[in-house]
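Residues per chain are reported as follows:
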Amino acid sequence: MIRKPLLTTLTIFIGLMLVISACSSNSKNENNSASSTPSGSASSELEKSGEKVTLNGVWLGATWGTATVELAKEYEKETGVKVNIELLGRDVIYQKLALSIAGQADYDLFNIDYNWIPEFASTGSLLPLDDLMKKYEVDTSAYIPRALAMTQWNGKNGSFGDGGTNYGLPQSLDPALLWYRSDLFKDEKNKADFKSEYGYDLAPPKTMEEFTNAAKFFNGKEVDGQKIYGWAAQGSKGFGNVHTWLNFLYSNGADAIDWDNMKSSLSTPEAIEATKTWVDLLKYSPPGIHDYTFAEVASDASQGKIAMAIHWSWNAFEVDNPDTSKTVGKWEFVQIPKMKEAVPHLAGWSIVIPKTSKNSEEAFKFMAWLENKQNDVKQAQMGGGDPVRTESYSDPTLTDTKIEGTDIKAFRRYEAHAEAMKTTKARPFFPQEEKWESTVSEFLSAAALGQMTVEEAMKKADEAVDKMLK
């Protein structure tokens with residue numbers, strides 16, 4: 001989702017800092033009181049000394065970050081606990097977390113990309129939350145299972161969805177969805193022309209063959225005075241191409257790593273076929289697709305330059321913004337097209353507590369309050385990330401909301417989102433994921449640009465990853 005590649009030296013840095021801070025104190029703050037139940041309404045909480053508690057947190061400067069800043073003000077009014085939130089970029093969050101767990105910075109809460117959970121949990125840097133969840137009666141069954149799985153780690157590589165210790169709470173969910181321009185798909189001339197060419201009715205693609213045909217059909221057409229392209233998705237080297245390609249890989253029954261043997265599995269027949277399909281489809285994308293991040297995809301959709309996209313659920317709010325979008329209400333959302341099955345790649349951000357927090361129990365109470373039933377809905381209303389609780393997706397507060405001045409549902413993507421969360425799959429869930437991603441991205445870029453054949457690129461990717469894993 002919102003990502004930039006991290007410097008590999010950070011891994012070395014954090015290791016050195018952990019050695020320096022090996023004798024630093026534990027995270028429990030004996031001065032915290034414990035009378036409130038964070039899953040419900042909060043009551044006034046002060047330290048035994050009589051001084052107000054102040055929590056320091058670092059959040060991504062995205063819509064759920066700004067929503068957190070506003071909700072923190074409500075929390076202070078209810079409890080007397082002040083929550084200072086810094087909104088920063090992804091790389092800076094990582095650096096500050098590294099400093100914090102080494103005892104070199106004073107933070108209590110971090111909003112992190114979920115793939116960092118195995119990395120930091122494996123070094124004992126995050127506070128396990130199971131005891132606090134039990135103490136404050138946090139009902140984890142209320143969360144979408146694959147949302148909660150983003151914050152769990154059982155110490156085994158590739159164990160996403162297998163449970164484990166809870167190291168945080170999820171805050172935003174963004175499975176990839178297929179976006180399509182419903183007005184173009186419903187146009188009578190388009191329908192007639194498509195059926196004449198392909199022999200079946202034009203409809204939102206359910207299979208990769210149907211997706212390919214639709215992308216080819218719309219590519220190069222003129223709509224509202226401008227040329228459009230068949231589809232778009234993230235294609236930039238460093239992270240974007242990996243995020244798009246994983247939808248193809250997973251949906252063709254392949255995986256990135258043979259977890260039983262801890263060997264790269266990118267040159268299997270299923271992985272080769274998935275990669276070829278992705279590369280072949282790029283010819284129906286806009287010029288410059290190899291540099292596209294999430295922002296360019298959403299912008300092209302808003303400006304009516306593409307007929308379809310494989311993109312994050314959360315980013316859909318941009319196409320319905322009347323101040324910036326020319327396609328308000330024209331986009332619909334369904335499951336990504338299947339090869340063997342539809343297995344969308346999952347993005348999402350979670351909230352964790354570093355073990356070095358001096359206010360860990362108060363930090364947990366704020367975290368649980370922020371992600372309770374009421375605030376999960378409220379964050380979505382405020383334009384934050386998509387909800388993490390199952391019941392939020394049927395809450396009329398959201399499902400009945402209309403785009404201002406229209407009869408079009410603002411959260412119409414939720415049906416597809418809920419379906420996607422049944423099969424969505426995380427990035428390779430192990431401590432070396434960041435390095436794995438930057439390694440593989442180089443070879444995907446070479447294949448996409450025609451600098452290597454897909455077979456050659458995937459073979460070399462296997463070799464590089466296996467070397468990394470040793």
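### Considerations on the packing of aromatic side chains
- Going through the model one piece at a time under the given rule, you end up with 28 aromatic pairs.
- Between the aromatic rings of phenylalanine 194 and tyrosine 200, the centroid separation amounts to 5.2 Å while the plane-to-plane angle is 85 degrees, which identifies the pairing as edge-to-face.
- A relative accessible area of 25% means that tyrosine 200 is categorised as partly exposed.
- Here the aromatic cluster, defined as three or more aromatic residues joined through ring pairs, consists of Trp64, Tyr94, Trp116, Phe120, Phe294, Trp314, Phe317 and Trp349.
- Over the face of the ring belonging to phenylalanine 217 we find lysine 221, whose NZ or CZ atom lies 4.3 Å from the ring centre.

### Thoughts on the pairing of strand β11 (residues 308-312)
- The element β11 is extensively covered by neighbouring structure, given that five of its five residues are classed as buried.
- Relative to β11, strand β6 (residues 168-181) runs antiparallel, the two being bridged by five bridges. Bridged to alanine 176 within β11 is tryptophan 312.

### Section: the packing of helix α17 (residues 433-448) against helix α18 (residues 454-469)
- Axis separation between α17 and α18 bottoms out at 9 Å; the angle between their running directions is 165 degrees. The angle between α17 and α18 places the two elements in the roughly antiparallel class. Handedness of the α17/α18 crossing: right-handed. Of the residues in α18, those in contact with Lys435, Trp436, Thr439, Val440, Phe443, Leu444 and Ala447 of α17 are Val454, Ala457, Met458, Lys460, Ala461, Ala464, Val465 and Met468.
- Looking at the contact of α17 with α18, its residues break down into 12 nonpolar, one polar and two charged.

### Side note on the side chain of asparagine 372
- Residue placement: asparagine 372 occurs in the loop between α13 (360-370) and α14 (373-381).
- From its side chain, asparagine 372 meets the backbone oxygen of tryptophan 369 in a polar contact 3.1 Å long.

### Description of the pairing of strand β12 (residues 331-334)
- Where burial is concerned, the two faces of β12 differ: the one with Trp331 and Phe333 is buried and the one with Glu332 and Val334 is not.
- In this structure, β6 lies alongside β12, joined through four bridges in antiparallel fashion. Looking at β12, one finds that tryptophan 179 is bridged to phenylalanine 333.

### Focus: the environment of serine 172
- Note that serine 172 resides in strand β6.
- Spatially, the C-alpha atom of serine 172 lies 5.4 Å from that of aspartate 386, the residues being 214 residues apart in sequence.
- When near neighbours in sequence (up to four residues on either side) are disregarded, serine 172 contacts Trp64, Met150, Ala347, Gly348, Trp349, Gly385, Asp386 and Val388.

### A look at the pattern of salt bridges
- According to the stated counting rule, one finds 25 salt bridges in the structure shown.
- Residues arginine 413 and aspartate 386 are paired through a salt bridge, measuring 2.8 Å at the closest nitrogen-oxygen approach. Here the residue arginine 413 occupies a position in the loop between α15 (396-399) and α16 (414-420), and aspartate 386 occupies one in the loop between α14 and α15, the gap between them amounting to 27 residues. Side by side, arginine 413 and aspartate 386 carry an identical accessibility label, which is buried.
- Arginine 427 serves as the salt-bridge partner of glutamate 433, at 3.7 Å between the closest nitrogen and oxygen. Pair check on accessibility: glutamate 433 and arginine 427 agree, each one buried.

### Some details on the environment of leucine 60
- By the secondary structure assignment, leucine 60 is in strand β1 (residues 54-60).
- Residue leucine 60 is classed as buried on the basis of its relative accessible area of 3%.
- Linking leucine 60 and asparagine 111, residues 51 residues apart in sequence, is a C-alpha distance of 6.4 Å.

### Points about unusual backbone geometry
- A positive phi angle, near 55 degrees, is found at glutamate 137, a position not held by glycine.
- With respect to the secondary-structure elements, glutamate 137 resides in the loop between α5 (130-135) and α6 (145-148).
- Phi angles above zero are rare outside glycine, and methionine 262 is one such case at about 50 degrees.
- Relative to the helices and strands, methionine 262 resides in the loop between β9 (257-258) and β10 (263-264).
- Here methionine 262 falls in the partly exposed class, since its relative accessible area comes to 24%.

### A look at the confidence of the model for the chain
- Averaged over the chain, the pLDDT score is 91; the fraction of residues at 70 or greater is 89%.
- In the predicted structure, residues 4-37 sits below a pLDDT of 50 and forms 68 contacts with residues beyond four places in sequence or in another chain.

Definitions and cut-offs
Residues numbered from 1 in each chain as written. Predicted model: local features only at pLDDT ≥ 70, side-chain atom pairs only at ≥ 80, totals over all residues. Heavy atoms only, no water. Phe/Tyr/Trp six-rings, centres within 6.5 Å; stacked < 30°, edge-to-face > 60°. Buried < 20%, exposed > 50% of the residue type's maximum accessible area, 1.4 Å probe, protein only. Lys NZ or Arg CZ within 6 Å of the ring centre and 35° of its normal. Helix = DSSP H or I, 4+ residues; strand = E, 2+ residues; numbered from the N terminus. Pairing = 2+ DSSP bridges. Axes fitted to C-alpha atoms, helices over the stretch in contact; angles between N-to-C directions. Parallel < 35°, antiparallel > 145°, perpendicular 65-115°, else oblique. Left-handed = near helix turned anticlockwise from the far one by under 90°. Contact = heavy atoms within 4.5 Å. Nonpolar A, V, L, I, M, F, W, Y, C, P; charged D, E, K, R; others polar. Polar contact = N/O pair within 3.5 Å; in protein donor to acceptor, adjacent residues only side chain to side chain. Salt bridge = Lys/Arg side-chain N within 4 Å of Asp/Glu carboxyl O. pLDDT = per-residue confidence, 0-100.

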